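Okay, here's what each chain looks like letter by letter:
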Amino acid sequence: MSLLKINGLKAGVEGKEILKGIDLTVNPGEVHAIMGPNGSGKSTLASVLAGREDFEVSGGSVEFLGQDLLEMSPEDRSRAGLFLAFQYPIEIPGVSTANFLKTAVNEHRKARGEEPLEPAAFLALMRERMKLVEMDPSFLQRSLNEGFSGGEKKRNEIFQMAMLEPKLAVLDETDSGLDIDALRIVANGVNAQRSADNGIVVITHYQRLLNYIVPDHVHVLWNGRIVRSGGKDLALELEAKGYDWIKAEAQVEA
Amino acid sequence: MALGSDGTRRHLRVFNIGLNWSYIATLNEHTRTMADSQQVLDSVVQSDYKYGFESDIEQELLEKGLSEDTVRFISAKKNEPEWMLEWRLKAYRQWLKMAEPQWPNVKYPKIDFQDIIYWAAPKKKEGPASLDEVDPELLATFAKLGIPLEEQKMLTGVAVDAVLDSVSVKTTFQEALKKEGVIFMPMSEAIQEHPDLVQKYIGSVVPTNDNFYAALNSAVFSDGSFVYIPKGVRCPMELSTYFRINARNTGQFERTLIIADEGSYVSYLEGCTAPQRDENQLHAAVVELIAHADAEIKYSTVQNWYPGDKDGHGGIYNFVTKRGICEGARSKISWTQVETGSAVTWKYPSCVLKGDDSIGEFYSVAVTNHHQQADTGTKMLHIGKNTRSRIVSKGISAGVSQNSYRGLVKINARAENARNYSQCDSLLIGDQCGAHTFPYLETSNPTATVEHEATTSKIGEDILFYCNQRGIDTEAAVALIVNGYARDVLNQLPMEFAVEAQKLLAISLEGSVG
């Protein structure tokens, strides 16, 4: 069974259609990259998958592990194994990273009918998973994302992903605002979580992240549609030639 | 198994931060705390006022209405000495000439003071000598409230002076306290057994004519707690009182007096829940604290009187006068309050910093939801030299409620080098509620240092969506964020109260989003 099966998905905001019919299937073990110029609908796709209410779905269907994803609440999507690494992670003053994650992990466990983790076991798990993104344990006691640098916030997203162990992770421009060292750290953290059972969708504007997280499939999103799909070489081609040729091609086809 | 006050605070910190690694070893011993944390989240899904029940204990009632005869009746009922009756009558006559305050930022229908019952007491069966002899129905009531006396006794080491309506029903731990010379008893008994102390201190901090409701309380107060800590004694346990209003139309007028003699320390906890009802109820308590030289009084409150229903019907009117005086040098008074209940709250726990180098503190979380109104804050009156005060106020407004902070910092001419720090934060949930801040500052001494910080924030959709995406539903997210926001105040509470306070915050904000 595929992890994610998107068929003819149309969605928009305030009557304006942004996604104009997306088809995409992600199978276990696969990494898909979705690339495209600004305003092509990449982040909208991520938001719609996560269930953000601002967006209205006007057509198509999304199956997640055989369930109708669009019928599920955002928290149920999360508990079912869908994770979104936010492009702009939110700061929550007064709520420590540890407390936030403890609540999140225990909500996931409760949904699976499991008991909350013992505090000592939870601490050990957090410390181990932080190492994946080279985060210092002192971050656990700091308010979530408050005063974190851009790179620290992105590392924190990947750390949260490691704690929640999603079936499908959607990384929304996780590379934006990262210097080359942070990019490598974040990519290593993601790669460590690749397995034959889970899938990853990497949304990015630039090819450079894909040097570190090597995708199995690359899709180009433009004007609300996937206009071209290919292997990892497609990303290199885009890097070399830019998006204009894709746009021109798509216009000819349309 | 009794926890020392130091130990208690350590566990508290672990609990509130969630996981504080340096204290992980103690955490395992207290898995109960973690379970309680889970209960906070679980309880969020309940939607009715949790403590809305009425126990069926036979009542002894006085007819409605207030006159000199009412005052005499109450005094006679309690076999009070002549001076106490005269004191009450003086207050009553002053009250007749006073008017209800109009300046608070709250609105409520005019109160008919003749339509209130001023005396109600549970009928005594046979003076109970132990818990076994206490009315089982009463014990069941406490169990429903989540404060089983026995468990409190065994697990927490807290002496409980449980007040149901107006008469104290059960006092525990008297023996241990007696050994240290600590006096902790119902006010009515203190008047009989320690008349000198009561006569010396009652009304010394809040005079009978201080304000309309203080005068009313002085005239008709039914009972309350009396505490005296002798010189140099560190009270061996947290003293705790639970109040409830349990009779229809019964106004409740508690009177509490705490005296910490030189070099002593006491931590006093007060918590309340009230049964659900339609009529509005008046609650006008007076609390007086006196700290002599080098003494410290820590007074904590969790207030959860019935707030009225979602449409603003019913609920308690909570008009309270709480004031402490740092009488001696280097004394300290610390107020901590978590206010989640009442339809209307009007309350300013204050410190008169008379002794040189004395310290006053005020930590407050005030939650208003639905149609609740709160006008609360503090007064810090700096009189002595090098006096210091600290104010941390966290207001949380939801629904169509109105939440006002009102605080006065006054530095007298001879208060050299006085210092104040005030932090007043407001958190808004939704866009129909109101948060207001009224800071007053009067400085008559140029050496004073006064700092005021204020912030306003909102639990917006972005934060909630982020939490949802991590599997945390909206109610749990609000509880998580609010507890985080209120952490600086909750950290000041002893552990048992912090647990209760966290539950109350979550419960009182149910249904506030989406």
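Sequence order as written defines residue numbering, which begins from 1 separately in each chain. For naming, the first written chain is A and the first written ligand is 1, with later ones following in the order written. With the structure being a predicted model, the display of local features is reserved for residues of pLDDT at least 70 and the display and counting of side-chain atom pairs for 80 or more, all residues being used for whole-chain, interface and lining totals. Processing note: side-chain calculations cover all non-hydrogen atoms of the structure and skip hydrogens and water entirely.

Chemist: Is there a simple way to explain the overall build of chain A in this structure?
Modeler: Put simply, DSSP marks the helices as runs of H or I at least four residues long and the strands as runs of E at least two long, and each gets a number from the N terminus on. Across its full length, chain A holds 9 helices and 12 strands. The principal-axis extents of the C-alpha atoms in chain A amount to approximately 60 × 40 × 35 Å. For every residue, the accessible area (1.4 Å probe, protein chains only) is compared with the maximum for its type, and the residue is labelled buried under 20%, exposed over 50%, or partly exposed between those bounds. Sorting the 254 residues of chain A into buried and exposed places 56% on the buried side. Counting rule for charge: Lys and Arg are taken as positive, Asp and Glu as negative, and neither His nor the chain ends is counted. Working definition for charges: the position is that of NZ of Lys, CZ of Arg, CG of Asp or CD of Glu. Taking the average location of the 28 positive side-chain charges in chain A and that of its 37 negative ones, the two points are 2 Å from each other.

Chemist: Explain the side chain of Asp 172 of chain A to me, please; I cannot follow it from the model alone.
Modeler: Structurally, Asp 172 of chain A is set in strand 9 (residues 168-172). Think of a salt bridge as a Lys or Arg side-chain nitrogen and an Asp or Glu carboxyl oxygen that are within 4 Å of each other. Although Asp 172 of chain A is buried, it makes no salt bridge; Lys 42 of chain A carries the closest opposite charge, 7.3 Å away.

Chemist: Help me understand the side chain of Ser 267 of chain B, please; the structure alone is not making it clear to me.
Modeler: Residues and elements named next belong to chain B. Locating Ser 267 in the fold gives a position in strand 9 (residues 265-273). Within the structure, the side chain of Ser 267 is placed 2.5 Å from the side chain of Glu 238, a separation counted as a polar contact. Apart from the residues lying within four places of it in its own chain, the contact partners of Ser 267 are Met 237, Glu 238, Leu 239, Lys 298 and Pro 494. Side-chain atoms alone can form a polar contact between residues adjacent in sequence; in general such a contact is a pair of N or O atoms within 3.5 Å, and within protein one must be able to donate a hydrogen while the other accepts it. We call two residues in contact whenever any of their non-hydrogen atoms come within 4.5 Å of each other.

Chemist: I keep staring at helix 11 (residues 212-220) of chain B and nothing clicks. Help me out?
Modeler: One turn of an α-helix holds 3.6 residues; hence residues three or four places apart share an orientation. All names here are of chain B. Of all 9 residues that make up helix 11, 9 are buried, and the element is covered over most of its length. Buried residues of helix 11: Phe 212, Tyr 213, Ala 214, Ala 215, Leu 216, Asn 217, Ser 218, Ala 219 and Val 220, and no others. Of the residues flanking the start of helix 11, the one acting as N-cap is Asn 211, its side-chain oxygen 2.9 Å from the backbone nitrogen of Tyr 213.

Chemist: Would you take a moment to explain the interface of chain B and chain A for this structure?
Modeler: Reports often express the size of an interface as the amount of accessible area lost when the parts come together. Across the contact, 32 residues belong to chain B and 43 residues belong to chain A. At the junction of chain B and chain A, the tally comes to 3 salt bridges. The residue Arg 470 of chain B makes a salt bridge to Glu 157 of chain A at a minimum N-O spacing of 2.6 Å. Between the two partners, chain B and chain A, sit 13 residue pairs in polar contact (both at pLDDT 80 or more). Mapped onto the side of chain B that touches chain A, the elements with two or more residues apiece are helix 1 (5-17), helix 2 (24-29), helix 3 (31-43), helix 12 (461-469) and helix 13 (474-485) of chain B. In terms of residue count, helix 12 of chain B provides more of the side of chain B that touches chain A than any other element does, 8 residues in total. Tallied by class, residues from the side of chain B that touches chain A come to 15 nonpolar, 11 polar and 6 charged. Just so you know the grouping, Ala, Val, Leu, Ile, Met, Phe, Trp, Tyr, Cys and Pro go in nonpolar, Asp, Glu, Lys and Arg go in charged, and all remaining residues, Gly too, go in polar.

Chemist: Sorry, what's going on with the confidence of the model for chain B here?
Modeler: Any segment with low pLDDT has predicted coordinates that should not be analysed in fine detail. Residues and elements named next belong to chain B. Mean pLDDT over chain B stands at 78; residues scoring 70 or higher make up 73%. Least confident of the elements in chain B is helix 2, whose mean pLDDT is 24; most confident is strand 16 (residues 350-353), at 98. Long-range and interchain partners of residues 163-171, a stretch whose pLDDT sits below 50, account for 51 contacts in this model, where long-range means more than four residues apart. The ipTM, which scores confidence in the relative placement of chains, is 0.97 for this predicted complex, and the corresponding pTM is 0.76. Values of pLDDT, which run from 0 to 100, indicate the predictor's confidence residue by residue.

Chemist: Just to check I follow, could you spell out the sheet that holds strand 4 (residues 56-64) of chain A for this structure?
Modeler: All names here are of chain A. Only when DSSP finds a minimum of two bridges between them are two strands counted as paired. Ordered by their spatial adjacency, 4 strands build an open sheet running 2-1-4-5, and the pairing between neighbours is antiparallel. Both edges of this open sheet fall to strand 2 (16-26) and strand 5 (67-68), since each of them pairs with a single strand only. Pairing between strand 1 (residues 4-13) and strand 4: 7 bridges, direction antiparallel. When the bridges of strand 4 are listed, Ile 6 appears paired with Val 62.

Chemist: Whenever I open this one, the packing of aromatic side chains confuses me. Can you help?
Modeler: Each aromatic ring pair is described using two quantities: the centre-to-centre distance and the angle formed by the ring planes. Residue and element names in this part refer to chain B. Aromatic pairs are defined between Phe, Tyr and Trp rings, using the six-membered ring for Trp, whenever the two ring centres lie within 6.5 Å; interplanar angles under 30 degrees are classed as stacked, those over 60 as edge-to-face, and all others as tilted. This model, assessed by the stated rule, comprises 24 aromatic pairs over all chains. Judged by centre distance (5.2 Å) and plane angle (40 degrees), the rings of Tyr 108 and Phe 319 are tilted. One end of the pair, Tyr 108, is in the loop between helix 5 (82-96) and strand 2 (120-122); the other, Phe 319, is in strand 13 (residues 316-326), and 211 residues separate them in sequence. In this structure Tyr 108 comes out as partly exposed when scored by relative accessible area, which is 24%. Judged by relative accessible area, Phe 319 falls into the buried class, the value being 1%. Here Phe 113 and Phe 212 contribute two aromatic rings whose centre-to-centre distance is 5.4 Å and whose plane-to-plane angle is 65 degrees, an arrangement assigned as edge-to-face.

Chemist: What should I look at first to understand the environment of Asn 79 of chain B in this one?
Modeler: All names here are of chain B. Position of Asn 79 among the secondary structure elements: in the loop between helix 4 (68-77) and helix 5. The class for Asn 79 is exposed, based on a relative accessible area of 59%. Considered as a pair, Asn 79 and Ile 191 are 112 residues apart in the sequence and their alpha carbons are 9.4 Å apart.

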